[in-house]
Structures are given as C-alpha cells and as structure tokens.
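Below, each chain spelled out in residue letters.
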Amino acid sequence: MEMKQYLTTTFRWNDRANRQVLGKIRELPDQEQSIKFFSHLINSQNKWLKRIEAFPNDPGMSWWKPVYALDQLEAEWEKSVGAWLALIESKSEQELFNEVKWVGFDGAHWTAPLKDIALQLNYHSIHHRAQIQTIIRAQGLEPDFVDYIGTVYRKID
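Calculation rules
Residues numbered from 1 in each chain as written. Predicted model: local features only at pLDDT ≥ 70, side-chain atom pairs only at ≥ 80, totals over all residues. Heavy atoms only, no water. Phe/Tyr/Trp six-rings, centres within 6.5 Å; stacked < 30°, edge-to-face > 60°. Helix = DSSP H or I, 4+ residues; strand = E, 2+ residues; numbered from the N terminus. Buried < 20%, exposed > 50% of the residue type's maximum accessible area, 1.4 Å probe, protein only. Lys NZ or Arg CZ within 6 Å of the ring centre and 35° of its normal.

A. Fine view of the packing of aromatic side chains. For the structure on display, the rule yields six aromatic pairs. Note on Phe11 and Trp84: the rings are 6.1 Å apart at their centroids and 5° apart in plane angle, and the pair reads as stacked. Taken together, the residues span a long stretch of sequence, with Phe11 in helix α1 (residues 3–25) and Trp84 in helix α3 (residues 70–90) at a distance of 73 residues. Neither residue differs from the other here; Phe11 and Trp84 are each classed as buried. Look at Trp48 and Trp102: their rings are 4.8 Å apart centre to centre, the planes differ by 70°, and that puts the pair in the edge-to-face class. Placement of the pair is Trp48 in helix α2 (residues 32–54) and Trp102 in strand β1 (residues 99–103), with a sequence separation of 54 residues. Residue classification places Trp48 among the buried positions, given a relative accessible area of 11%. Trp102 sits in the buried class, given a relative accessible area of 9%. Three or more aromatic residues joined by ring pairs make a cluster, and in this case those are Trp48, Trp63 and Trp102. A cation sits over an aromatic face here: Arg51 above Trp48, 4.5 Å from the ring centre.

Put into structure tokens, the structure is as follows:
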C-alpha cells in the first residue's frame, strides 16, 4: 500500500471511529472532559495545518482552545478532518515525503516530512480517543468497538 492510500484510509478510519465516540459523548452524564479532549483533536489538526501553511510565521493557535460546545463538535471535526483529507489528496505520493517547516512551541524552526505530521495526527487521535473511551466506561456506559481490526476483518466460516 502506498503512503497516500495508507494516510487516506487511516484518516477515514479515525473519522468514523471518532464520530462513533462522539455519539457516546452525547449520552454521558458529565461531558466536560470528553468534550475537551475531542476539541483538542480538532484544534491539533487545525493548528498543524496552519503551522505548515503559515511558515515562517507562527499561527499562534492553542492546542486546547477553543473548547467547542457539544453541538459544534461534529461540524468542526468534519471541517478539520476534511481539510487534511483534501491536503493529502492534493499531493502526489512523492510530495507526502517532502519536508515541511513550521515554528515549534519553542519559537525555533522545525522540519519533518508531511507524511509524518499526518501520521502523528492519526496516532494522536487514537491516544485521545482511548482516553475518552475510558471516561465513557467510568461513567457507566459501554464504549463502542472502534478498533481498526473491526473495520478490516471478515469471518470466513
């Protein structure tokens, strides 16, 4: 599988899984921490995109703010994941391996292949989704099965 296909598949899987988790967040008696984590995922995707678009300027965006209202999460998520899918689709396989630059938290200039930033966003989503799943379980609800293997396995008997 080529990297472009892998990234597209992974972003789409994370999109589906995060939307499932968002459905559970709506059922929680205490939604505050889960909304904060979900907002952070949106902000992280937005900030990384602006970091690479704005270089050599720092877009000055927060990883944690804004914290969106529950009824805004789905639309904001859709915009942020859509922007990343559009970016990946606009690049050739080789362009995904090209270095991009950004201004880091320390004000220094940094560089990495675009594919690595996209991978980081997907892995980061898995990390915080697991935290939200733990919150869901702690509040007495059964989290949905959102493991990747659940989207690719098939019964053969």
